[in-house]
Amino acid sequence: MIAPRLLKLSGEALGAADGIFDHAEVDRVCVELVQGARHQPVAVVVGGGNILRGAMVKGMYSDPTRGDYMGMLATLMNGLALKDGIIRAGGAAVVVGPNHIPNVSVQYDRDQVMGALAKGTIVIFGGGTGHPFFTTDTTAALRAAEIGAGELLKGSKVDGIYTADPKKDPTATRFAHLTYDQAIEGRYGVMDAAAFSLCRDQGVRIRVFDMTRPGTILAALGANPPGTVVGQPA
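Engineer: How do you make sense of helix H1 (residues 23-37) when you look at a structure like this?
Structural biologist: Quick reminder: α-helices carry 3.6 residues per turn. Residues three or four places apart thus point the same way. Helix length check: H1, at 15 residues, gives a terminal C-alpha distance of 21 Å against a target of 21 Å (1.5 Å per residue), a fit within 8%. When H1 is considered as a whole, its buried residues turn out to be Glu25, Val26, Arg28, Val29, Cys30, Glu32, Leu33, Val34, Gly36 and Ala37.

Right under this line is the structure:
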């Protein structure tokens with residue numbers, strides 16, 4: 001089997017200014033995923049920020065982990081939306097979580113996940129790691145390492161990693177390549193340090209790209225993907 005690629009998709013990317021879902025954007029993402037999966041195995045880790053992130057409710061509950069668990073449930077809701085969109089686009093998908101929830105997700109089992117990927121089924125990882133205090137970036141790094149992904153595609157609102165915020169600093173320049181240590185030390189904000197460290201330790205290459213424009217997800221899954229690469233020294 002060709003090495004899978006894993007897309008880290010933020011929940012905010014699916015959201016609308018006046019609602020939880022931008023249905024046209026969900027459809028666009030799913031069509032591009034289905035097209036990309038025709039040529040290689042594809043997995044997705046989805047966040048839940050369009051619905052709820054743990055940080056949004058931090059300090060509101062007696063149990064400090066409560067918000068994290070609520071955020072994990074939000075990612076499963078997004079996973080179901082993606083699954084439905086993929087099926088409507090003519091593909092096959094399964095939502096995989098840390099635990100089995102009837103009619104929502106199957107419990108993570110590596111052999112079953114690899115079998116699904118080999119059949120061309122898009123695997124959507126929801127529910128985070130199942131534990132509090134871990135971001136969906138770290139979940140993406142963990143799942144990418146577990147399935148032997150050739151690359152972790154980090155969907156962003158900019159076309160790579162820059163020396164500064166290009167929306168605020170017109171002199172900012174984009175990196176074509178960074179080492180893991182440079183990405184960690186630079187604190188560029190595209191992923192958390194734990195995710196970068198896990199990818200470095202397991203040799204998972206990261207590609208940061210702009211996923212907001214039509215065609216960019218399909219391009220990232222193609223032969224000449226755009227963006228900034230984070231990996232071993234060039």
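Past the structure itself, the notes keep going.
Engineer: Please explain the nonpolar core as it appears in this structure.
Structural biologist: Nonpolar side chains tend to gather and get buried jointly when the protein is soluble and globular. Ranked by internal contacts, the top residues of the largest apolar core, which has 30 residues, are Leu6, Phe125, Ile147 and Leu152. For this core, the element with the highest residue contribution is helix H3 (residues 110-118), accounting for 4 residues. In this structure leucine 152 touches Leu6, Lys8, Ala140, Ala141, Ala144, Met191, Cys199, Val204, Arg205, Ile206 and Arg207, once residues within four positions along its chain are discounted.

Engineer: Sorry if this is basic, but what is going on with the sheet that holds strand S5 (residues 122-125) here?
Structural biologist: Within a sheet, each strand pairs with its neighbour through backbone hydrogen bonds, oriented either parallel or antiparallel. An order of S4-S3-S5-S2-S1-S6-S8-S9-S7 is seen for the 9 strands of this open sheet, with the pairing classed as mixed. A single partner strand is all that each edge strand has here, and the edge strands are strand S4 (106-107) and strand S7 (177-179). Pairing of strand S1 (residues 5-9) with strand S2 (residues 42-46) involves 5 bridges; the strand directions are parallel. Opposite lysine 8, over in S2, you have valine 45 as the bridge partner. Against the sheet, H1 makes contact with S1, S2 and S5, and its axis sits at roughly 150° relative to S2, the strand it touches most. Against the sheet, helix H2 (residues 66-88) makes contact with S1, S2, strand S3 (93-97) and S5, and its axis sits at roughly 165° relative to S3, the strand it touches most.

Engineer: In this structure, what is going on with the side chain of glutamate 32? I would like to understand it.
Structural biologist: The topology assignment puts glutamate 32 in helix H1. Among the residues examined, glutamate 32 registers a relative accessible area of 5% and is labelled buried. A polar atom in the side chain of glutamate 32 sits 2.7 Å from the backbone nitrogen of glycine 215. Side-chain polar atoms of glutamate 32 contact the backbone nitrogen of isoleucine 217, separated by 3.0 Å. When residues no more than four places from it in sequence are discounted, the contact partners of glutamate 32 are Pro214, Gly215, Thr216, Ile217, Leu218 and Leu221.

Engineer: I tried to follow the packing of aromatic side chains on my own but got confused; where do I start?
Structural biologist: Given two aromatic rings, their pairing is described by the distance between the two centres and the angle made by the two planes. Using the criterion set out here, one finds 2 aromatic pairs in the structure. Where tyrosine 108 meets phenylalanine 125, the ring centres are 6.1 Å apart and the plane angle is 50°; that geometry is what we call tilted. Pair noted here: tyrosine 108 is in the loop between S4 and H3 and phenylalanine 125 is in strand S5, with a separation of 17 residues, a long-range link. The aromatic ring of tyrosine 108 is capped on one face by arginine 143, whose charged end is 4.2 Å from the ring centroid.

Engineer: Help me understand the pairing of strand S6 (residues 151-156) in this model?
Structural biologist: Counting buried residues in S6 gives 6 out of 6 residues, a clear majority hidden from the surface. Residues Glu151, Leu153 and Gly155 of S6 are buried on one face, and the alternating residues Leu152, Lys154 and Ser156, pointing to the opposite face, are buried as well. Here S1 pairs with S6 via 4 bridges, running parallel. When the bridges of S6 are listed, leucine 6 appears paired with leucine 152. With 5 bridges connecting them, S6 and strand S8 (residues 206-210) associate as parallel partners.

Conventions used here
- Residues numbered from 1 in each chain as written.
- Predicted model: local features only at pLDDT ≥ 70, side-chain atom pairs only at ≥ 80, totals over all residues.
- Heavy atoms only, no water.
- Helix = DSSP H or I, 4+ residues; strand = E, 2+ residues; numbered from the N terminus.
- Expected span 1.5 Å × (residues − 1).
- Buried < 20%, exposed > 50% of the residue type's maximum accessible area, 1.4 Å probe, protein only.
- Core = buried A, V, L, I, M, F, W, Y, C linked by side-chain atoms within 4.5 Å.
- Contact = heavy atoms within 4.5 Å.
- Pairing = 2+ DSSP bridges.
- Axes fitted to C-alpha atoms, helices over the stretch in contact; angles between N-to-C directions.
- Polar contact = N/O pair within 3.5 Å; in protein donor to acceptor, adjacent residues only side chain to side chain.
- Phe/Tyr/Trp six-rings, centres within 6.5 Å; stacked < 30°, edge-to-face > 60°.
- Lys NZ or Arg CZ within 6 Å of the ring centre and 35° of its normal.

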